Amino acid sequence: MFDIQEIRSQFSILDREVNGKPLVYLDNAATSQKPNSVLEVCHAYYTELNANVHRGIHTLSQLATEEMELSRRKIQKFINAEHDFEVIFTKGTTEGLNLIAYILTQKLQKDDEIIISYLEHHSNIVPWQMLCERTGAKLRVIPIDENGILQMDYFDQFLSEKTKVVSVNQVSNALGIVNPIEEIIAKTRKNTDAYVVIDGAQSAPHFNIDVQKMDCDFFVFSGHKMYAPMGTGILYGKQEILEALPPFHGGGEMIATCSFDGTTYAGLPFKYEAGTPNVGGNIALGAAVDFMNRVGHTHIQNHENALLEYAQRQLLEIDGIRIYGEKAKRTGVVSFNLEGVGIASDVGMILDKMGIAVRTGHHCTQPIMNFFNIAGTVRASFAVYNTFEEIDALVEGVKKAQRMLS
């Protein structure tokens, strides 16, 4: 049974008030709130077994190591990776994408091509631009139509023997649009030997992820968007690819032997986990996976899709509202502007006075905003603990903002 009140009771922060109003938290695409079970795991780590991992023979170090490696196995199962050592702990999606772009440097040369899409977060644009600067490769961008949907005919035209990397998000953070990654991966495999990178920052909180079925080479996501602490994330990579590519950072943990004559590198996953990790956060990421598994992916998806459908239907009754990507397949996000209201942040500030937290601005997707010739949008994004009553509050808040600002 899906019991929304029981789920909400696990998030203590939802009981607080903002500006004298009950908190309505609709900024989940930026970061989700954390259930008490995750917070308790963080607290327990620092109060009961705080120690560095993999390097000590004393009891606390061994216990911390066991807990972090247990978390790695939970995440392996969560994304259905073949091996636990294909799961690399990172600080988040941004670090994962930068890591991939760096270690692929030796695989690209002048006039090779990297394909991304117009719907990418800056984190899936800038690292590839930097790789192009290092290698002389060229960036090709799949355009979108007026509904924000990728124009796949262009992708077909772009694919060639020059294509070395295809990197796209599964879900747009700015619009919530679900991209056809199965089609993108299948066409890439059929026509090239390019590496396929999937940005799962906005899909891992909502979907059941199966990287083996997906057949991507890399999959990255952040913990803080799926009920885990900030500064946590995962890079999945296929074993044979990670073993063949160079490390990213150098230092402790990632070496097998080190001398002034040369260094040899550790095996996976430690080859890509230099330095002291965020042990407490990584353990808590496993606890977040436990929370999502208890709720169930089907319940999460069904509830969030119902919220999105209801929010869109209610908001569209407001005269002069435009929802971007309205006709596209979406999840978890409604991104909009009001006609005659020039600055989205003004709407956001009025909503905040009513205790309603939304995100305003370009959402680290300036190319999308440029395409629609706007400075930004108001973005409401949903998680499993949101309610239909909170959508009603959002709609009334938007109506009030419209009256005040028009």
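Described in the following lines is the structure provided in the data block. (Residues numbered from 1 in each chain as written. Predicted model: local features only at pLDDT ≥ 70, side-chain atom pairs only at ≥ 80, totals over all residues. Heavy atoms only, no water.)

### Some words on the overall build of the protein
Working step 1: Helix and strand counts for the protein stand at 14 helices and 17 strands.
Working step 2: Radius of gyration (C-alpha) of the protein: 22 Å, near the 22 Å computed for a compact globule of 406 residues.
Working step 3: Expressed as lengths along the three principal axes of its C-alpha atoms, the size of the protein is roughly 70 × 55 × 35 Å.
Working step 4: Carbon and sulfur atoms make up 50% of the accessible area of the protein, which totals about 17400 Å².
Working step 5: Averaging the positions of the 36 positive and the 49 negative side-chain charges in the protein gives two centres separated by 3 Å. (Helix = DSSP H or I, 4+ residues; strand = E, 2+ residues; numbered from the N terminus. Rg over C-alpha atoms; globule rule 2.2 N^0.38 Å. Areas by Shrake-Rupley, 256 points an atom, 1.4 Å probe, with all protein chains shown as cover. Lys, Arg positive; Asp, Glu negative; His and termini not counted. Charge placed at Lys NZ, Arg CZ, Asp CG, Glu CD.)

### Considering helix α2 (residues 36-48)
Working step 1: Spanning 13 residues, α2 covers 17 Å between terminal C-alpha atoms, matching the ideal 18 Å at 1.5 Å per step.
Working step 2: Within α2, the full set of buried residues consists of Asn 36, Val 38, Cys 42 and Tyr 45.
Working step 3: Tucked into the core, α2 has its buried residues touching α3 (59-79) and α10 (279-295). (Expected span 1.5 Å × (residues − 1). Buried < 20%, exposed > 50% of the residue type's maximum accessible area, 1.4 Å probe, protein only. Contact = heavy atoms within 4.5 Å.)

### So, the sheet that holds strand β5 (residues 113-117)
Working step 1: Spatial strand order, β4-β10-β9-β8-β7-β5-β6: seven strands in an open sheet with mixed pairing. The open sheet has two free edges, formed respectively by β4 (87-90) and β6 (138-142), since each of these has just one partner strand. In this sheet, neighbouring strand axes are inclined to one another by 20° on average, regardless of whether the strands run parallel or antiparallel.
Working step 2: As judged from the five bridges shared by strand β7 (residues 163-169) and strand β8 (residues 195-199), these two strands associate in the parallel manner. Residue pairing in the sheet places Val 165 in a bridge with Tyr 195 of β8. (Pairing = 2+ DSSP bridges. Axes fitted to C-alpha atoms, helices over the stretch in contact; angles between N-to-C directions.)

### Details of the environment of Asp 27
Working step 1: Of note, Asp 27 is situated in the loop between β3 (24-25) and α2.
Working step 2: The sequence separation of Asp 27 and Glu 161 amounts to 134 residues, and the corresponding C-alpha distance is 41 Å.
Working step 3: The contact partners of Asp 27, leaving out residues within four places of it in the chain, are Ala 357, Val 358, Arg 359, Arg 379 and Ser 381.
Working step 4: Among the polar contacts made by the side chain of Asp 27, one reaches the side chain of Arg 359 at a distance of 2.7 Å. (Polar contact = N/O pair within 3.5 Å; in protein donor to acceptor, adjacent residues only side chain to side chain.)

Function cannot be read off these values alone, since they describe shape.
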